[in-house]
Amino acid sequence: MNKDSRNETLPQIRAGMSELGLAALIVPYSDPHQSEYIPAHWKFREWVSGFTGSAGIIVITRDFAGLWTDSRYFQQAEAELLGSEFQLVKLKVPHTPEHIDWVKNTLEKGSVVGLDNRFFPFSMLTYYQDSLLSAGLTLNPEVDLLTQLWTNRPALPANPVFEHLIRFAGASRRQKINAVRERLVETSSDYQFISPLDEVAWLFNLRGSDVNYCPVFVGYALVGKTDAILFANPESISPALEKTLNSDGVVIADYTQMEEWINKIPGGSTVCLAPEKVSGALRDLFAKRSVILEGMNSTTALKSIKNATESDGLRKALIRDGVAWVKTIHWIHKELQSGRAVTEINVARRIGQFRSFQDLYMGESFHPISSYGYHGAIVHYSVTEESSIPLKPEGTFLLDSGGQFLDGTTDTTRTIALGPTTAGQRTDFTLALKGTLALSMLTFPKGTKGYQVDVLSRMALWKHGKNYGHGTGHGVGLFLNVHEGPQTIGASASGYPNVTLEPGMVTTIEPAIYKDGEYGMRTENMTLVVPWIETGYGTFYGFETLTLVPIDSNLMDISLLAADEIEWINSYHERVRETLSPLLEKEEKEWLCSATEPIIR
């Protein structure tokens, strides 16, 4: 929505609420697939408010309009909501439904709260219903109001779908479908319904471009003991691809006619549904004929464990990504030393350009966070032509950037000293870096969960009364979404808290520190969980660091680093230098050699 029209649309929404007898409306924050990044067709939150972040809940009442979001988006939300009636409500605890507490404490008993259950997972709807009922409020889950008001709504995407070759995937779609069927047998179930777009793409070894930065397409999957159905836009599947899919036992059905297919499921069948991934509307549809077995999708777990081919491909992708990073950092220093102008958006574009010269490159995995100085304190700062500021040969620059390669998805953050820095900046950088090192060097017993190790990444900061408000690590897809589950490393144990860290899982490690109005410090590496040792006390795993980008020693306070931390940094830098140097130009190679010189206390 044009920001200037937000205050014109809000009265229309309230008029519709009044006609329906609603005291409050909860605006959809996702699509029917519960995606983090969504096609423009379903960006209701952005259309209503102008907020472009990937996390946030909007509640509209007769006299209030608020956006609840976490600390990653505070500054962004304040800027984007400016000039509108929408107010920022800062979440005290990330990933919690504090907006419902506000609704319960604000509305009169007997009031009705509305939402559109096509866009909310049924786990959330159950919580909403029970919570509101306890306060004497009623939930109307079938409010189709916004789609009627959004007259210039973008069309449903239908870009071409293409195959992700087995030389990258490491397993055929037949093998993956059979693995899902094995789980059906184990759970005495008849069908697995799959809603997340990345899981549908993974299952069928297909990719698309319906969502910015994510090589996925709009679709659902339904796998039975003898059949497998892909619901997609028929126009996005070529005749040749459909023939190939048919030969592997996959039937193509129209995305818009899924209800008809669901009604064909034999009555009394047991269907597996993930409560946090399937909409309330679809759950109700299945429940009319089937027995619902709730639980995590089998594809969620299967996809998270990278096979040998995927792991090897990811290692190669991160070498190419490392080359682009070194070229970019060298370019920044060279331009500044020459007195030429460098801006945040220049850097964002330059690293994309350097990646585009690498083999198998398909695009960015997210919009780069290219942030100089005080912009670095905005966790998910999204640089634009209007917001971009020039870099200066002083202070710090934080760059968080990733790429999509056919053999891997990448996500790396480096904080760089552009010139003189303060003792406080070096201290903060080093304390956050110690968190990255603590997990990178960690070995842990089989059965360990991500939230159990999160404290290690924060310990150095906590000792100085400091912390960061986001998670420490997330899973990463394989030429798929840059954020994937079920594994996570975070204090709030968001996602699936009972999921253990298993060999083959790819997880970022990204402790940080932010000082509002001054800077942000973050060192993010991608890691692979690998076997370490078998002892009489059990099986132990560790993290293999996949990212190959030098860490700026000019920002390190060496006095804060322990001997084993210095040893790790020197060993890592040696590997970065030996791996990347043969792939660089002479001047770049010389810069890398200097940037990776051993640290001596």
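Before any of the text, the structure's been laid out above.
Report follows, based on the coordinates. (Residues numbered from 1 in each chain as written. Predicted model: local features only at pLDDT ≥ 70, side-chain atom pairs only at ≥ 80, totals over all residues. Heavy atoms only, no water.)

1. Looking at the overall build of the protein
Consideration 1: The helix and strand tally for the protein stands at 19 helices and 28 strands.
Consideration 2: Oriented by its inertia axes, the alpha-carbon framework of the protein measures out at about 70 × 55 × 50 Å.
Consideration 3: For the protein, the residues scored as buried account for 58% of the 601 residues in total.
Consideration 4: Pairs at least 24 apart in sequence give 70% of the contacts found in the protein among residues at least 6 apart.
Consideration 5: When the 54 positive and 70 negative side-chain charges of the protein are each reduced to one mean point, those points stand 2 Å apart. (Helix = DSSP H or I, 4+ residues; strand = E, 2+ residues; numbered from the N terminus. Buried < 20%, exposed > 50% of the residue type's maximum accessible area, 1.4 Å probe, protein only. Contact = heavy atoms within 4.5 Å. Lys, Arg positive; Asp, Glu negative; His and termini not counted. Charge placed at Lys NZ, Arg CZ, Asp CG, Glu CD.)

2. Here's the deal with unusual backbone geometry
Consideration 1: That bond from Gly485 to Pro486 is cis: its omega, 10°, falls within 30 degrees of zero.
Consideration 2: Mapped onto the elements of the fold, Pro486 is located in strand 23 (residues 484–489).
Consideration 3: The phi angle at Leu360 is positive, at roughly 70°, despite the residue not being glycine.
Consideration 4: One can find Leu360 in the loop between helix 15 (344–356) and strand 15 (361–364).
Consideration 5: Even without a glycine there, the phi angle at Phe479 is positive, about 50°.
Consideration 6: By secondary structure assignment, the location of Phe479 is in the loop between strand 22 (473–475) and strand 23.

3. Focus: the nonpolar core
Consideration 1: Residues Ile26, Ile60 and Phe193 are the most contacted members of the largest nonpolar core, which totals 66 residues.
Consideration 2: A domain split of this core shows at least three residues from each of domain 1 (3–149) and domain 2 (162–304).
Consideration 3: In this structure, Phe193 is in contact with Tyr220, Ala221, Leu222, Met258, Val271, Cys272, Leu273, Val278, Leu282, Phe286 and Asn297, ignoring residues within four places of it in sequence.
Consideration 4: Counting 51 residues, the second largest nonpolar core, distinct from the first, contains Ile351, Leu391, Leu555 and Leu580. (Core = buried A, V, L, I, M, F, W, Y, C linked by side-chain atoms within 4.5 Å. Domains from an automatic or database assignment.)

4. Re the packing of aromatic side chains
Consideration 1: Using the criterion set out here, one finds 21 aromatic pairs in the structure.
Consideration 2: Measuring from centroid to centroid gives 6.2 Å for Phe64 and Trp68, while their planes differ by 75°, and the two rings are edge-to-face.
Consideration 3: What makes Phe64 buried here is its relative accessible area of 13%.
Consideration 4: Judged by relative accessible area, Trp68 falls into the buried class, the value being 3%.
Consideration 5: Members of the aromatic cluster, connected to one another through ring pairs, are Tyr29, Phe120, Tyr127 and Tyr128.
Consideration 6: Sitting over the ring of Phe74, Lys90 keeps its end group 5.1 Å from the ring centre.
Consideration 7: Over the aromatic face of Phe122 sits the side chain of Arg283, whose NZ or CZ is 5.7 Å from the ring centroid. (Phe/Tyr/Trp six-rings, centres within 6.5 Å; stacked < 30°, edge-to-face > 60°. Lys NZ or Arg CZ within 6 Å of the ring centre and 35° of its normal.)

5. Here's the deal with the packing of helix 18 (residues 563–580) against helix 19 (residues 586–595)
Consideration 1: Direction vectors running N to C along helix 18 and helix 19 enclose 170°, while the axes themselves pass 9 Å from each other. Between helix 18 and helix 19, the interaxial angle falls into the category roughly antiparallel. In contact with His573, Val576, Arg577 and Leu580 of helix 18, helix 19 contributes Leu592, Cys593 and Ala595.
Consideration 2: Counted by class, the contact of helix 18 with helix 19 contains five nonpolar, one polar and one charged residues. (Axes fitted to C-alpha atoms, helices over the stretch in contact; angles between N-to-C directions. Parallel < 35°, antiparallel > 145°, perpendicular 65-115°, else oblique. Nonpolar A, V, L, I, M, F, W, Y, C, P; charged D, E, K, R; others polar.)

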